[in-house]
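Geometric and topological summary
So the chains spell out like this:
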Amino acid sequence: MEVLWAATGELTAREVQESLADRELATTTVLTVLGRLERKQLVVRTRDGRAHHYRPTASREDHVAELMNDALDGAPDRGAALARFLGSIPSEERRKLRDLLD
Amino acid sequence: MALAALGLLVLGVVLAEPASRGFSKARWTRRDPVGALLVWQAIGLAGGLSLVGCGVVYGLSPLGDSLPAAVGTLVREWNEGRWPARFDAVHLIAALASVGVGARLLWVLGTMYVRTLRARRRHRDLLDVLATPWPDSPGTRVLDHPQPVAYCLPGRSSRLVVSAGVLEALEPEEVWAVLAHERSHLRERHDLVVLPFVAWGATAPFVRGMECAQVAVAELIEMRADDVAACKSEPHELVGALKTVGGSAPAAALSSFTDALEARIERISSHPRPLPWAARIGVRVCAVALVAVPTVLLLL
């Protein structure tokens, strides 16, 4: 994933493998990991002839921002997907919070 | 049976509105959060049984002296290819409406749970790629962000997360207190304690008592987690952590948020005397009785 984030554009599985050459990974291992990342919607795959190109769906910063949004939006009605140290915030107050953040 | 139906209806309405509203204002709950949470679960369960049950009991009342007998009559006559003559439109509609409300509640609960699981899985996938394991505490992950947040992702494959901002702002002992708080949420599955009330709130958002219940239960699980954390570390460390993390949260601009935070800090510092054991047992007996009353009314 780091390799894909560091790259400016798309990479093929072979290019990923070459960037990680010091770890001596097998091609199948790289493909398995890329397939897993694709299933988790962290990378998208495009086909160009015989080669498959992979690129991240969003930057690292965007993903961190998404996580922080989940963690800070103390919504109890989102099914208590996570439990915060600071507890949850009642719904009408949350609207005010959104206004403040925007 | 019609009398039992009336009893169930009255009980259900009382539990859903005045009782929930009144209980959410009770002060003794901060001295026994676990007992109070048990009573809330009993109120939720008994209220649901009563409101769903009253229509069914009324609807089937012409068919027998008790619900099991009436269902038996209905099944017998149905198998013989007859429609029970005494089962008229009014009673049929009452029974169907109740079953509908019950199905709706279960449906909301189910879809909400599935949606929660999906949101959690997404969050967990991202975490596993983005957050680095923290060597000082196994099972804890650090998210590289300056804003201090600490939270946990409940479930079978749970995660404990602190941001780099937390490690930056807090003393190590304070971080331990935060982690103890979050671990207690995970261990006691507080997410499941909250879920029924979230479902009730989503099914009947127009009932004010439901909202009161949701807020009260959310406060009680925090009290419970604070109690566990205060046992495992020094209370002043927990207070320090709450002040630092709470003061820098974006929600610190909201009065209700700071009020709730101050109430928690005040509670940990003053450490209210736990209820005497007799009262604690009494609370638990009340919780069991609350569920027993509608069950008996349904079956007799």
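So, here is what we can say about the structure in this document.

Definitions and limits used
Residues numbered from 1 in each chain as written. Chains lettered and ligands numbered in written order. Predicted model: local features only at pLDDT ≥ 70, side-chain atom pairs only at ≥ 80, totals over all residues. Heavy atoms only, no water. Pairing = 2+ DSSP bridges. Helix = DSSP H or I, 4+ residues; strand = E, 2+ residues; numbered from the N terminus. Buried < 20%, exposed > 50% of the residue type's maximum accessible area, 1.4 Å probe, protein only. Core = buried A, V, L, I, M, F, W, Y, C linked by side-chain atoms within 4.5 Å. Contact = heavy atoms within 4.5 Å. Axes fitted to C-alpha atoms, helices over the stretch in contact; angles between N-to-C directions.

Two pairing modes exist for strands in a sheet, parallel and antiparallel, and in both the strands are linked by backbone hydrogen bonds. The strand order β4(A)-β3(B)-β4(B)-β2(B)-β1(B) describes an open sheet built from 5 strands, whose pairing is mixed. In this open sheet, the two edge strands, each paired with only one partner strand, are β4 (83–84) of chain A together with β1 (132–133) of chain B. Summarising the sheet, β4 of chain A and strand β3 (residues 150–153) of chain B pair through 2 bridges and their orientation is antiparallel. Within the sheet, the bridge partner assigned to Arg84 of chain A lies in β3 of chain B and is Tyr151 of chain B.

Quick look at the pairing of strand β2 (residues 140–143) of chain B now. Residue and element names in this part refer to chain B. In β2, alternate side chains face the same way, and those of Thr140 and Val142 on one face and Arg141 and Leu143 on the other are all buried. Two strands pair when backbone bridges link them, and β1 and β2 are joined in this way by 2 bridges, in the antiparallel orientation. Note on β2: the bridge partner recorded for Pro133 is Arg141. In sequence, β1 turns back onto β2 through a hairpin of 6 residues, with Gly139 there showing a positive phi of about 90°. Across 4 bridges, β2 lies against strand β4 (residues 159–163) in parallel orientation. In the strand pairing of β4, Leu143 is matched with Ser163.

Across soluble globular proteins, nonpolar side chains show a tendency to be buried alongside one another. Formed by 30 residues in total, the largest nonpolar core has its most connected members in Phe85 and Leu86 of chain A together with Leu170, Leu242 and Phe257 of chain B. Those elements giving two or more residues to this core turn out to be β3, β4, α6 (172–187), α9 (235–248) and α10 (255–270) of chain B. Looking at this core element by element, the count peaks at 6 residues for α6 of chain B.

Attention now moves to the sheet that holds strand β1 (residues 11–12) of chain A. All names here are of chain A. Taken together, the 3 strands give an open sheet; going across it, the order is β1-β3-β2, and neighbouring strands pair in antiparallel fashion. Unpaired on one side and paired on the other, β1 and β2 (43–48) mark the two borders of the sheet. In terms of strand pairing, β1 meets strand β3 (residues 51–56) through 2 bridges, oriented antiparallel. Looking across to β3, one finds that Thr12 is bridged to His53. Strands β2 and β3 of the sheet are contacted by helix α3 (residues 27–39), whose axis makes an angle of about 115° with β2.

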